[in-house]
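# Summary of the model geometry
Here's the letter readout for the chains.
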Number of protein chains: 4
Amino acid sequence: MLDFTCDYNNGAHPSVLQRLIDTNGLISGTYGFDEFSESAADKIRAAVEDPDAAVYFIAGGTQTNMTVISSCLKSYEGVVCADTGHINCHESGAVEYTGHKIIRLPSHAGKVDAGELEDLLSSFYADQSHEHMVFPGMLYISYPTEYGTIYSKTELQALRGVCVKYGMKLFCDGARLGYGLCSDGADITLPELHGLCDVMYIGGTKCGALCGEAVVFQRGAVPDHFVTLIKQRGAMLAKGRLIGVQFDALFEDGLYFRIANQAIRRANELRALLDAKGYSQFVGSPSNQIFVVLDDETVKRLSENVKFEIWEKPDKDRTVVRFVTSWSTTPEQIAELGRLL
Amino acid sequence: MLDFTCDYNNGAHPSVLQRLIDTNGLISGTYGFDEFSESAADKIRAAVEDPDAAVYFIAGGTQTNMTVISSCLKSYEGVVCADTGHINCHESGAVEYTGHKIIRLPSHAGKVDAGELEDLLSSFYADQSHEHMVFPGMLYISYPTEYGTIYSKTELQALRGVCVKYGMKLFCDGARLGYGLCSDGADITLPELHGLCDVMYIGGTKCGALCGEAVVFQRGAVPDHFVTLIKQRGAMLAKGRLIGVQFDALFEDGLYFRIANQAIRRANELRALLDAKGYSQFVGSPSNQIFVVLDDETVKRLSENVKFEIWEKPDKDRTVVRFVTSWSTTPEQIAELGRLL
Amino acid sequence: MLDFTCDYNNGAHPSVLQRLIDTNGLISGTYGFDEFSESAADKIRAAVEDPDAAVYFIAGGTQTNMTVISSCLKSYEGVVCADTGHINCHESGAVEYTGHKIIRLPSHAGKVDAGELEDLLSSFYADQSHEHMVFPGMLYISYPTEYGTIYSKTELQALRGVCVKYGMKLFCDGARLGYGLCSDGADITLPELHGLCDVMYIGGTKCGALCGEAVVFQRGAVPDHFVTLIKQRGAMLAKGRLIGVQFDALFEDGLYFRIANQAIRRANELRALLDAKGYSQFVGSPSNQIFVVLDDETVKRLSENVKFEIWEKPDKDRTVVRFVTSWSTTPEQIAELGRLL
Amino acid sequence: MLDFTCDYNNGAHPSVLQRLIDTNGLISGTYGFDEFSESAADKIRAAVEDPDAAVYFIAGGTQTNMTVISSCLKSYEGVVCADTGHINCHESGAVEYTGHKIIRLPSHAGKVDAGELEDLLSSFYADQSHEHMVFPGMLYISYPTEYGTIYSKTELQALRGVCVKYGMKLFCDGARLGYGLCSDGADITLPELHGLCDVMYIGGTKCGALCGEAVVFQRGAVPDHFVTLIKQRGAMLAKGRLIGVQFDALFEDGLYFRIANQAIRRANELRALLDAKGYSQFVGSPSNQIFVVLDDETVKRLSENVKFEIWEKPDKDRTVVRFVTSWSTTPEQIAELGRLL
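The shown structure was predicted, so the numbers you read here are calculated from the model rather than taken from an experiment. (Residues numbered from 1 in each chain as written. Chains lettered and ligands numbered in written order. Predicted model: local features only at pLDDT ≥ 70, side-chain atom pairs only at ≥ 80, totals over all residues. Heavy atoms only, no water.)

### Quick look at the overall build of chain A
Definition in use: Think of it this way: any DSSP run of H or I at least four residues long counts as a helix, any run of E at least two long counts as a strand, and we number them from the N terminus. Computation of the radius of gyration draws on C-alpha atoms alone. For the globule rule, the value is 2.2 Å times the number of residues to the power 0.38. Burial classification: accessible surface area is computed with a 1.4 Å probe over protein chains only, and a residue below 20% of its type maximum counts as buried, one above 50% as exposed, and the rest as partly exposed. We call two residues in contact whenever any of their non-hydrogen atoms come within 4.5 Å of each other. For the purpose of charge, His is not counted, nor are the chain termini; Lys and Arg are scored as positive and Asp and Glu as negative. Charge coordinates come from a single atom per side chain, which is NZ of Lys, CZ of Arg, CG of Asp or CD of Glu.
Along chain A, the regular secondary structure elements total 14 helices and 13 strands. For chain A, whose C-alpha radius of gyration is 20 Å, the value lies close to the compact-globule estimate of 20 Å for 341 residues. The dimensions of chain A, computed from C-alpha atoms along their principal axes, are 60 × 55 × 35 Å. Within the span of chain A, comprising 341 residues, buried residues form 64% of the whole. Restricting the contact set of chain A to residue pairs at least 6 apart, pairs at least 24 apart contribute 71%. Counting 31 positive and 44 negative side-chain charges, chain A places the averaged centre of each group 3 Å from the other.

Here's what the structure looks like:
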């Protein structure tokens, strides 16, 4: 059975696994204070071209989002995000559980618009009752978005500009960061993205690791006693090295980008096949998530041999489905899916 | 350099690692709904001799404690524990962060006393102002305790009795459960412990895994929508299989207890050496943590060749230090420590 | 200077004040357990025609909303409300501060639509990922709404039907309940409204009291240990009698409705004047809040002699303003405003 | 029936009530932004002799404590207080509900000791694991304490010194502040106390008002957007003037201290009577709460004619009971109690 459900249905990339094997017998520091985590952080600092960046490792994406957001916000602040943002839709209210409101902006294929953000903020501060409202303290974006789309550098600079103007922090959820940066048409580099965000995370779980996300703060943007805040939210692993070792492998010799690039090649092959067969994409996404509109007959037929996610029903007879590639997707799997389409 | 700092400064037990290697290439379900996690849960149900037990896997101990406690308590309830309880001392206020008070009982070498618990509860309900107080909704114990001590079956039955009488849940933190159950003098079995606790967790991180704890509820004790509650607290791994695979290995052919037993043998050897050399134990612990009183000179001397944790200073010239063994401790390491003592 | 800003810029209704004077010298029970609060609760039970109703008094509206909502919801649940709901807009994130998400429905002049609620719920439960989302546990409505509009009995029955079908609680914020029930066209009585809502509150602050709201639960709908939950949220007054005394006066001989009715007569007079002068209402509201579209010149001119609230700007040259009447508004004030318009 | 249960079983002081009557017909600003609240704040600034002090009014004590504490603390911080502190014992876990731990110090008749605080703090920062613990961010004291005792100026200066040394804020719960400052032996003035505390509150509810506490911050100590934080915790009254009016009366011509002084005179008379009859005080308190040890026979006999609170049982045959005087206690009531004793 082919499985295009998601990019976290697999194990670790072989090189990541090998590093776990190689280091398994060693004794190390704990709670993320170990030589492997330090080495990984160094490599990430090099990758973002910022020797002052602060790097922390957290096991999963939702945990990272809730930890970063609740640690950066003041009690009177909320986080702004697109209607479709992962924190707003599929994290079981984890952000609200920490006491903070999510302030919604319209989603444009997963993205927020700088002009609409500016309108929200200027209206907020013009409102004579705004002390009775929730202050917008942070903008949450995802790169790539939940719809696989990516912001242009210009769009990101515009968002950054509005954030700076209104004293908001900018946080980028990079659960699939590698896949976004390697997409055709991506015009921003990792160092540039880091330069625009107060804090972002580089996703490991979906990009070659068994678990783990690397949180990267700009100098001076780390909340006081962030280690304690991580612990308080239950987000600290006793054997923190588990994540450090994996990122140390991922950021050696460009592995992270090499394997992300590979997944994008597979996605592009699939997009070409879908185009050739006349299937229309629901959202024009350049990254590793492809949303296609299928008639229900096709959905039923395909389901016998392929796993994929049902997204939504645009009308009575058709369904939007999602195919996801990853570093572990092979050309053969794409070809076989092509035959089945 | 010898390292007796803790039982989580190492990698995975070789059999656990091998299982990760063997399964790495397979595609699986996600979020803990995968064949490995199901197999591991089945083995744990067999080990606790309860086919109705509900089993969930969570990455770390603090996260498990906060998730279980906050999910089981009503808003008006707090959790009772020993002064020395891990949740009260070394989890950065994670329980309070979820909105619940920790109600303290005196610690007797890490243990709580059923009589004192009964006094607390009868006083509480006799107090005419108790609606202005926090209701004791759960008892948290650790087995073994933070001081390496263990409860007898009789003591646990007495605690259970008080909990039942006052409608409280009983939760056992088993971060080092294997080491406790394999201690000399332990008179309770895993199925018996499960039978006495509404919920407990079987620690993996400190007992052979890279990460992961197995939460085991008695039938009917699982909070509604516990999966959502796990997700909301950031405690759900996308690749939940990471923990499932490891517990599947740990609970195959008794590996979990075999390796815990080995650590206890090492600890016993160390205790014998310490006795022989006339060092006095601070707390008489039968499990894998040994607390010894050393004069400061000895501490200084030992520190040159051995890592261990400084616990507290009973007086000006002496220090309580902790030595911890684990499944990875070798007889040679014990012997070398013996020579250095 | 005329003041039509709001319905809480005044003192107490004279009869309410008189009762405070009459009872001032008496000694009583505390924390809401006093003869005045008991008498008031009895009168409210009579007014809702339900001897089993449970009645609690809380000082303010936001506090009541956060206390009721957070006490009724499970941790995995959120509260559904209109975009324009007070809890979503003007309570500084008080609901989220208690850990719960607000799930938004479109506002139709302040009201939610039963069909849209049904769609939300059926979609939610049909979504295969709904365990990763926030469960809709309660519907929050306001009567009258933040736009002064009122639901018909049929609309409320439809909402109730959907709530029952999906196991949701229905909560009605009645900060201005008297004004709503006395509006022309209102086709529901207080007992009927109580019969449709698991819990509602009868507003005192805006309807004749100095402070205080009466929370009314249907039998069996009170959260366990609600008194403790009130205390825990800081919402319990030591001299609870302060609110009891006032509601005891308000619910004697129909005072509450008599004075609300008077405010509606004033609002109707004002609506007639506005119509006569050709001003168009922004929202057709039958209760004590009137939203009018004025050109900016008129706003400026009026502001010299009248206080009112600026609501929003529908376009460059015009402004939506709000005039509010209350039990303390006199026919003379309306006439004077008429002259100034 | 005589009632010595507490100091909040009565109405308002006649002068306070009169001010409510006098201002009742006036229209005013809302949410605490009104002329009465401003006037009251001015008088309080004069009373604390600090024109830069920031003053806010909140309806009740628990609400004030939770609002001030949760607004001043960072997420990683907890509040230190005596075992017997009101926030630790009788507020239903309101502080923990906001996510913060209460760190306990031994109580010495309700007071904490500067030396013990210093030990706690120096141990905390010396502990190599302190990043895994809760940072002590604020000291909470009460003046007078829950046992009616009062700190000397020297003791308060010592506590202040430790707080400054370790970067902690000092917060004084003054629910009964007037009674404390007017006690025989009190050697600190209101301005001096204000000078030692980052924030304190001057209790109104127990000292002549129907409700209300005045929070007083030193210049620069107010949390950002404190108005929003008050609203978010449900602690803002729409008719904020209700509290402002009362404090405006209480702080006119020294009324607050005059009536507190009167209560202390009554308490002193009662203490003399108790001494004369040979009853021994449980705690030597100079303020308006008197704790006496009675044999159970006497308790039973007295209960037929007097209400008082049962505190605790020091042994099988005796009971500690509490008698409380207030501004409304008359010499006749004391004399009658004397006859009954």
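### Some words on the pattern of salt bridges
Under the convention used in this document: Think of a salt bridge as a Lys or Arg side-chain nitrogen and an Asp or Glu carboxyl oxygen that are within 4 Å of each other.
Evaluation of the coordinates by the stated rule reveals 76 salt bridges over all chains. The salt bridge involving K313 of chain B is made with D296 of chain B; its shortest N-O contact spans 2.8 Å. Of this pair, K313 of chain B sits in the loop between strand 12 (309–312) and strand 13 (318–324) while D296 of chain B sits in helix 13 (residues 296–303), and the two are 17 residues apart along the sequence. With a relative accessible area of 46%, K313 of chain B lands in the partly exposed category. With a relative accessible area of 27%, D296 of chain B lands in the partly exposed category. The partner of R219 of chain D in a salt bridge is D52 of chain D, with the nearest N and O atoms 3.1 Å apart.

### Some words on the relation of the copies chain B and chain A
This is how the line gets drawn: For this overlay, a least-squares fit was computed on C-alpha atoms, restricted to residues scoring pLDDT of at least 70 in both copies.
Placing chain B over chain A gives an RMSD of 0.0 Å and needs a rotation angle of 180°, together with 0.0 Å of translation along the axis. One copy is carried onto the other by what is essentially a two-fold rotation axis. Both copies present the same face, since 98% of the interface residues in chain B are matched by interface residues at the equivalent positions in chain A.

### Focus: the relation of the copies chain A and chain D
Expressed as a screw transformation, the operator carrying chain A onto chain D has a rotation angle of 180° and an axial translation of 0.0 Å, and the superposed copies differ by an RMSD of 0.0 Å. Most of the interface of chain A is mirrored in chain D, where 100% of its interface residues again form contacts.

### Describing the sheet that holds strand 7 (residues 199–203) of chain A
Adjacent strands of a sheet pair through backbone hydrogen bonds, lying either parallel or antiparallel. Residues and elements named next belong to chain A. Inclusion rule: Note: two strands are recorded as paired if DSSP finds a minimum of 2 bridges between them. Axis definition: a line fitted to C-alpha atoms, over the contacting stretch in the case of helices. Angles run 0 to 180 degrees between N-to-C directions.
Spatially, 2-8-7-6-5-3-4 is the arrangement adopted by the seven strands of the open sheet, whose pairing is mixed. One side of each edge strand has no neighbouring strand; the edge strands of this open sheet are strand 2 (54–58) and strand 4 (102–105). Recorded for the sheet is a direction-independent mean angle of 25° between the axes of neighbouring strands. Taken together, the four bridges between strand 3 (residues 77–82) and strand 4 define a ladder with parallel strand orientation.

### Overview of the packing of aromatic side chains
This is how the line gets drawn: Stacked, tilted and edge-to-face pairs are distinguished by plane angle, under 30 degrees for stacked and over 60 for edge-to-face with tilted covering the rest, among Phe, Tyr and Trp rings (Trp via its six-membered ring) whose centres lie within 6.5 Å.
Across all of its chains, the model carries 84 aromatic pairs over all chains by this definition. Taken together, a centroid distance of 4.8 Å and an interplanar angle of 90° make the contact between F124 of chain C and Y125 of chain C edge-to-face. By relative accessible area, Y125 of chain C is classed as partly exposed at 34%. Pairing Y140 of chain C with F171 of chain C gives two aromatic rings, centres 5.9 Å apart and planes at 65°, and the pair type is edge-to-face. On the criterion of sequence distance, the pair formed by Y140 of chain C in strand 5 (residues 135–142) and F171 of chain C in strand 6 (residues 169–174) is long-range, its members being 31 residues apart. Accessibility expressed as a relative area gives 2% for Y140 of chain C, which makes it buried. For F171 of chain C, a relative accessible area of 0% gives the class buried. Through successive ring pairs, a cluster of aromatic residues spans F57, F247, F251, Y256 and F257 of chain A.

### Notes on the packing of helix 2 (residues 35–47) of chain B against helix 11 (residues 241–250) of chain B
Packed helices, taken two at a time, are described by their axes: the angle between them and the distance between them. Residues and elements named next belong to chain B. Keep this limit in mind: Any angle that falls under 35 degrees is termed roughly parallel, while one over 145 is termed roughly antiparallel, one within 65 to 115 roughly perpendicular, and all others oblique. Crossing handedness: left-handed means the near helix sits turned counterclockwise from the far one by under a right angle, and right-handed means the same turn made clockwise. All residues other than Ala, Val, Leu, Ile, Met, Phe, Trp, Tyr, Cys, Pro, Asp, Glu, Lys and Arg, Gly among them, are scored as polar; the first ten of these are nonpolar and the last four charged.
The geometry of helix 2 relative to helix 11 is characterised by a closest axis approach of 7 Å and an angle of 40° between their N-to-C directions. As judged from the angle between their axes, helix 2 and helix 11 are oblique. Considering only the axes of helix 2 and helix 11, their crossing is left-handed. Residue-level contacts link F36, S37, S39, A40, K43 and I44 of helix 2 to R241, G244, V245, F247 and D248 of helix 11. Taken together, the residues of the contact of helix 2 with helix 11 break down into five nonpolar, three polar and three charged.

### Focus on the domain arrangement of chain A
Residue and element names in this part refer to chain A. Stated formally: Just so you know, the domain bounds were taken from an automatic or database domain assignment. Put simply, buried area is how much 1.4 Å-probe accessible surface two parts lose in total, over both of them, once they are put together. What qualifies as a polar contact is a pair of N or O atoms within 3.5 Å, subject to a donor-acceptor requirement within protein and to the restriction that residues adjacent in sequence count only when both atoms come from side chains.
Here chain A is described as being made up of domain 1 (2–7 + 255–340) and domain 2 (14–250). The gap between the C-alpha centroids of domain 1 and domain 2 is 27 Å. Of the residues lining the interface, 25 residues belong to domain 1; the matching set on domain 2 comes to 28 residues. Each partner contributes to the roughly 2100 Å² buried at the junction of domain 1 and domain 2, and carbon and sulfur atoms together form 62% of this total. The tally of links between domain 1 and domain 2 comes to two salt bridges. R265 is the partner of D184 in a salt bridge, and the nearest nitrogen-oxygen pair spans 2.8 Å. Taken together, domain 1 and domain 2 are joined by 11 residue pairs in polar contact (both at pLDDT 80 or more). For the side of domain 1 that touches domain 2, the secondary-structure elements that each account for two or more residues are helix 12 (255–276), strand 9 (280–283), strand 10 (289–295) and strand 12 (309–312).

### A short note on the interface of chain A and chain D
Taken together, the contact pairs 18 residues of chain A with 18 residues of chain D. Counting across the interface, chain A meets chain D through zero salt bridges. In terms of residue count, the dominant contributor to the side of chain A that touches chain D is helix 10 (residues 226–232) of chain A (five residues). Residue composition of the side of chain A that touches chain D, grouped by class: seven nonpolar, six polar and five charged.

### Here's the deal with the pairing of strand 12 (residues 309–312) of chain D
Working note: regular strand, side chains alternate between the two faces of the sheet. All names here are of chain D. Strand direction decides the pairing type here: strand 12 and strand 13 (residues 318–324), joined by three bridges, are antiparallel. Looking at strand 13, one finds that E312 is bridged to V320. In this antiparallel pair of consecutive strands, strand 12 and strand 13, the connection spans five residues.

### Regarding the interface of chain B and chain A
Listed per partner, the contact involves 42 residues of chain B and 41 residues of chain A. Summed over both sides, the interface of chain B with chain A buries roughly 3800 Å², with 60% coming from carbon and sulfur. Inspection of the chain B/chain A interface yields 26 residue pairs in polar contact (both at pLDDT 80 or more). Broken down by secondary-structure element, the contributors of at least two residues to the side of chain B that touches chain A are helix 1 (14–23), helix 3 (61–72), helix 5 (94–97), helix 10 (226–232) and helix 11 of chain B.

### What to know about the environment of R258 of chain C
Residue and element names in this part refer to chain C. Counting through the fold element by element, R258 comes out in helix 12 (residues 255–276). Residue R258 is classed as partly exposed on the basis of its relative accessible area, which comes to 47%. Spatially, the C-alpha atom of R258 lies 8.9 Å from that of G178, the residues being 80 residues apart in sequence.

### Notes on the state of the cysteines
Here is the rule we go by: Here, two cysteine sulfur atoms that lie within 2.5 Å of each other are counted as a disulfide.
Overall, the coordinates contain zero disulfides over all chains when judged by the stated rule. In this model C197 of chain C remains outside any disulfide bridge; the closest cysteine sulfur is found in C172 of chain C, 4.8 Å from its own. A relative accessible area of 1% places C197 of chain C in the buried class. Cysteine C211 of chain D remains unbridged, with the sulfur of C211 of chain C as its closest cysteine sulfur at 5.5 Å. On the basis of relative accessibility, which here comes to 2%, the residue C211 of chain D falls in the buried class.

### Re the side chain of D50 of chain B
Inspection of the secondary structure assignment puts D50 of chain B in the loop between helix 2 and strand 2 (54–58). For D50 of chain B, the residues in contact, after removing those within four places along its chain, are R45 and H194 of chain B.

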